[in-house]
Amino acid sequence: MRLEDFDYGVVDIRDYLRHRTLRNKDWIKSIIVFVFPYANDAPKAEGYLTAKYAYGRDYHIVIKNKLEEIAETLGFEKYEAMTDISYLDEKLCAVLAGLGRIGKNNLLLTPKYGSRVLIGEIVTSVVFPKTESELPNPCIDCFLCVKNCPTDALRNGFNKKKCLSYLSQKTSADYELYDKMELAVGCDVCQDVCPLNRKEYDYPEEFRFDPKSRFVLQDFLEIGEKNFREHYQDKAFAFLGYRKILRNLLVLEANKGKLRPGELEKYAGLYEDAWFKKHMGHLKGRLAGGKD
Ligand code: B12
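What you see is a predicted model, and the numbers here were worked out from it, not measured in a lab. (Residues numbered from 1 in each chain as written. Predicted model: local features only at pLDDT ≥ 70, side-chain atom pairs only at ≥ 80, totals over all residues.)

Draft legend 1. Main features of the site of the ligand. Every one of the 30 residues lining the ligand counts as a neighbour, but Ala-51, Lys-91, Leu-108, Ser-165 and Gly-186 are closest to it. Elements supplying a minimum of two residues to the shell around the ligand: α3 (90-96), β7 (117-124) and α5 (164-169). For the shell around the ligand, the element with the most residues is α3, which contributes four residues. Within the shell around the ligand, the residues separate by chemical class into 15 nonpolar, nine polar and six charged. (Near = placed C-beta within 6 Å. Helix = DSSP H or I, 4+ residues; strand = E, 2+ residues; numbered from the N terminus. Nonpolar A, V, L, I, M, F, W, Y, C, P; charged D, E, K, R; others polar.)

Draft legend 2. View of the nonpolar core. In terms of nonpolar packing, the biggest core is built from 74 residues, with Val-33, Cys-93, Ala-94 and Ala-184 touching the most fellow members. Here this core gets seven residues from one element, more than from any other, and that element is helix α9 (residues 242-255). Of the residues that make up this core, three or more belong to each of domain 1 (3-43 + 52-124) and domain 2 (151-186 + 216-287). Residues in contact with Ala-184, not counting those within four places in the same chain, are Tyr-48, Leu-49, Thr-50, Phe-215, Ile-245, Asn-248, Leu-249 and Leu-252. (Core = buried A, V, L, I, M, F, W, Y, C linked by C-beta atoms within 7 Å. Buried ≥ 20, exposed ≤ 12 C-beta atoms within 10 Å, placed from the backbone. Domains from an automatic or database assignment. Contact = placed C-beta atoms within 7 Å.)

Draft legend 3. Representation of the sheet that holds strand β1 (residues 7-12). Overall, antiparallel pairing links the four strands, which are arranged β1-β2-β7-β4 in an open sheet. Each of the sheet's edge strands pairs with one partner strand only, and the pair in question is β1 and β4 (79-83). Neighbour-to-neighbour, the strand axes of this sheet turn through a mean angle of 20 degrees, independent of strand direction. As paired elements, strand β2 (residues 30-37) and β7 share eight bridges and run antiparallel to each other. Paired with Phe-34 across the bridge in β7 is Gly-120. On top of the sheet, helix α2 (residues 59-73) reaches β2, β4 and β7; it is set at about 155 degrees to β4, its chief contact. (Pairing = 2+ DSSP bridges. Axes fitted to C-alpha atoms, helices over the stretch in contact; angles between N-to-C directions.)

Draft legend 4. Region of interest: the domain arrangement of the protein. Partitioning the protein into domains gives domain 1 (3-43 + 52-124) and domain 2 (151-186 + 216-287). The gap between the C-alpha centroids of domain 1 and domain 2 is 30 Å. Every contact between the two is made by ten residues of domain 1 and, on the other side, eight residues of domain 2. Each residue belonging to the side of domain 1 that touches domain 2 can be placed in one class, and the counts come to four nonpolar, three polar and three charged.

This is the structure we're talking about:
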């Protein structure tokens, strides 16, 4: 495993500290930042898909393993390999490493892959020569992501509370926003409409679509809460837990006009959680043509 086989750039820790603070990390001298591309198109499949970043094996596992291997190869004694679950602002790291710039969709846009990349990093006590390039911003200001965001989360900056990706992980009471949901986990609209995301490229085979990233309500109910963790243990969305994904699937069924009021009654009684019951109440109101 050679560093040259990867898309990476190096940040001098002093440059990062000009923008963000870090506590008790005085030993870090360099951040080696990596981008890993993932799927760019959706399979034709019955049921509800996850966002594309979650099509394959959990990227937290895949990327961390790769980074650990690289760090071993480089012979680092003191280092940390991280992705997502990281104390660093990873997009800022990637920009400082010369890997891309931030687009109107709030994401790192790279010249080679567009925005469909995941970011990972190795922080090390070794001083590495820093990457000097700063790329021009490839975002062409077409505003397609801003205009097409189903919940208007990108207008005047990013409003995470309105972002469907955020909502799919949370138990928010903004039920009307959920009415726009199209995926079982996450959201891809702002990336799907981006003209810079029409590139062809290879990506790690671990990120290829596997059928567990497609949900059919009846099958999901059969898997059940007890078997959920084991069944989805190698998927990036396992941390959401059974009930939130079930809520998402019921929202999607309602959004597609596939739920009957009688069915909802049955599901609403499954769990005592107030957030679950209230959301089912909202769906019931929708089916009845009322407000709530
Ligand atoms: C929390 C989180 C979320 C939350 C909230 C995000 C938020 N911004 O508040 C939610 C659940 C909404 C979310 C959604 C998604 N996320 Co997320 N998320 C994170 C996480 C863990 C922290 C983000 C964060 O709070 N950063 C701190 C705040 C301050 O930064 P920010 O506002 O997000 O970004 C700004 C700074 O980076 C700054 N910045 C960037 N460059 C520079 C340069 C200079 C000089 C300065 C001063 C500032 C600056 O500008 C950015 C834009 O305003 C990161 C991983 C990480 N540890 O960084 C992943 C991460 C950002 N997410 C990622 C992904 C893939 C997604 C989704 C695409 C998943 C999906 N398909 O559903 C969506 C995209 C939504 C969107 N359009 O942004 C990737 C992004 C990869 C990329 N190409 O950019 C990351 C990096 C994870 C990873 N390891 O790859 N995410």
